[in-house]
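Listed here are the chains, written in short residue letters.
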Amino acid sequence: MSVCLSDTAVVLSGGLHDNPQSGGTWTDLNATGQLSNGIFNASGVVPGTYHFLYTVHGNGPCPNDTASVAVTVAAELDAGDDASTTLCASEFVFLTPYLGGAPQPGGIWTGVESQVGLFNGWLNAGLAGVGLHHYRYVIAGTSSCAPDTAILTVTILNGPHAGGDVTIITCS
């Protein structure tokens, strides 16, 4: 079974098949210290695969029976932290470095109010226009972990404008 690092109550019996008999005992084969009464706390370990053994004690001449569960703990997804920045209308920038924290690559950028000026994570501030804009960065969820989202608030300013170049021709 696969879980996310943030999962604090993984019910190990969910990884068993064929309607197992209740009343057995669980053994943490990796000695993580994160197992209590068949509940595994994935937030207390590093990403990786952990093994557990479920034992139902035999009675009379019948021996014990065991089944194992392997739990793969995946790292949490990280879209970074919400942040704010100010840009000039003349700028064309990649937005991800403006987020706080350490955002994972591979996410999708969308404009909250509008997509205008946004191209695959690149923002043409002039096309977006002067004003306040919000952009959402999403790392898609996996079978183990929920998606993660960060919002970038961008204020776009006009910036200075010296006018256009002119060539003056004079006669002598």
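So, here's what we can say about the structure. Being a predicted model, the structure only gives us computed values, none of them experimental.

Conventions used here
- Residues numbered from 1 in each chain as written.
- Predicted model: local features only at pLDDT ≥ 70, side-chain atom pairs only at ≥ 80, totals over all residues.
- Heavy atoms only, no water.
- Helix = DSSP H or I, 4+ residues; strand = E, 2+ residues; numbered from the N terminus.
- Pairing = 2+ DSSP bridges.
- Disulfide = S-S within 2.5 Å.
- Buried < 20%, exposed > 50% of the residue type's maximum accessible area, 1.4 Å probe, protein only.
- Axes fitted to C-alpha atoms, helices over the stretch in contact; angles between N-to-C directions.
- Patch = residues over 30% accessible without salt bridge, like charges linked within 9 Å, V, L, I, M, F, W, Y side chains within 5 Å.
- Areas by Shrake-Rupley, 256 points an atom, 1.4 Å probe, with all protein chains shown as cover.
- Salt bridge = Lys/Arg side-chain N within 4 Å of Asp/Glu carboxyl O.
- 1 Å grid on protein atoms, 1.4 Å probe; cavity = no way out; pocket = protein on both sides within 12 Å on 5 of 7 lines; lining within 4 Å.
- Points joined across faces, edges and corners; volume = space filled by probe spheres on them.
- Phe/Tyr/Trp six-rings, centres within 6.5 Å; stacked < 30°, edge-to-face > 60°.

**Description of the overall build of the protein**
Secondary structure assignment for the protein yields one helix and 14 strands. Counting only C-alpha atoms, the protein reaches 120 × 25 × 20 Å along its principal axes.

**As for the sheet that holds strand S11 (residues 118–119)**
Strand order in this open sheet of three strands is S9-S12-S11, and the pairing throughout is antiparallel. Each of the sheet's edge strands pairs with one partner strand only, and the pair in question is strand S9 (92–94) and S11. Pairing analysis gives three bridges linking S9 to strand S12 (residues 122–124), with the strands arranged antiparallel. From the neighbouring strand, Phe92 faces S12, where its bridge partner is Asn124.

**Re the state of the cysteines**
By the definition in use, this model includes one disulfide. Across a sulfur-sulfur distance of 2.2 Å, Cys4 and Cys145 are joined as a disulfide pair. Looking along the S-S bond of the Cys4-Cys145 disulfide, the torsion reads about 105°, which is the right-handed sense. Taken together, the positions of Cys4 in strand S1 (residues 2–4) and Cys145 in the loop between strand S13 (131–139) and strand S14 (148–157) put the pair 141 residues apart, joining distant regions of the chain. A single burial state applies to Cys4 and to Cys145, both of which are buried.

**Here we look at the sheet that holds strand S3 (residues 25–28)**
The sheet built from four strands is open, its strands ordered S1-S7-S6-S3 with mixed pairing. For this open sheet the edge positions go to S1 and S3, each flanked by a neighbour on one side alone. In this sheet, adjacent strand axes meet at a mean angle of 30° when their direction is disregarded. For S1 and strand S7 (residues 65–74), the ladder comprises three bridges, and the chain directions are parallel. Bridged to Ser2 within S7 is Thr72.

**Brief notes about a nonpolar patch on the surface**
Taken together, the side chains of Phe92, Phe94, Val116, Phe119, Trp122 and Leu127 make up a nonpolar region of the molecular surface, amounting to roughly 590 Å² of accessible area. Secondary-structure assignment places Phe92 in strand S9.

**Brief notes about the layout of surface pockets**
Within this model, the largest pocket holds a volume of roughly 210 Å³. Taken together, Leu16, His17, Pro20, Gln21, Tyr54, Val56, His57, Gly58, Pro63, Asp65, Thr66 and Ala67 make up the full set of residues lining the largest pocket. The set of elements that each furnish at least two residues to the lining of the largest pocket consists of strand S6 (48–56) and S7. Here the lining of the largest pocket gets three residues from one element, more than from any other, and that element is S7.

**With respect to the packing of aromatic side chains**
In the structure shown here, the tally under the stated rule is six aromatic pairs. For the ring pair Phe92 and Trp122, a centre distance of 5.5 Å and an interplane angle of 15° mean the geometry is stacked. Placement of Phe92 in strand S9 and of Trp122 in strand S12 is noted, with a sequence separation of 30 residues between them. On the accessibility criterion, Trp122 (38% relative accessible area) is partly exposed. Here the aromatic rings of Trp109 and Tyr137 are separated by 4.9 Å at their centres, their planes lie at 35°, and the arrangement is tilted. Placement of the pair is Trp109 in strand S10 (residues 108–111) and Tyr137 in strand S13, with a sequence separation of 28 residues. Each of the two residues, Trp109 as well as Tyr137, counts as buried. An aromatic cluster of three or more residues is present, and its members are Phe40, Tyr50 and Phe52.

Any link to function would need more than the numbers given here.
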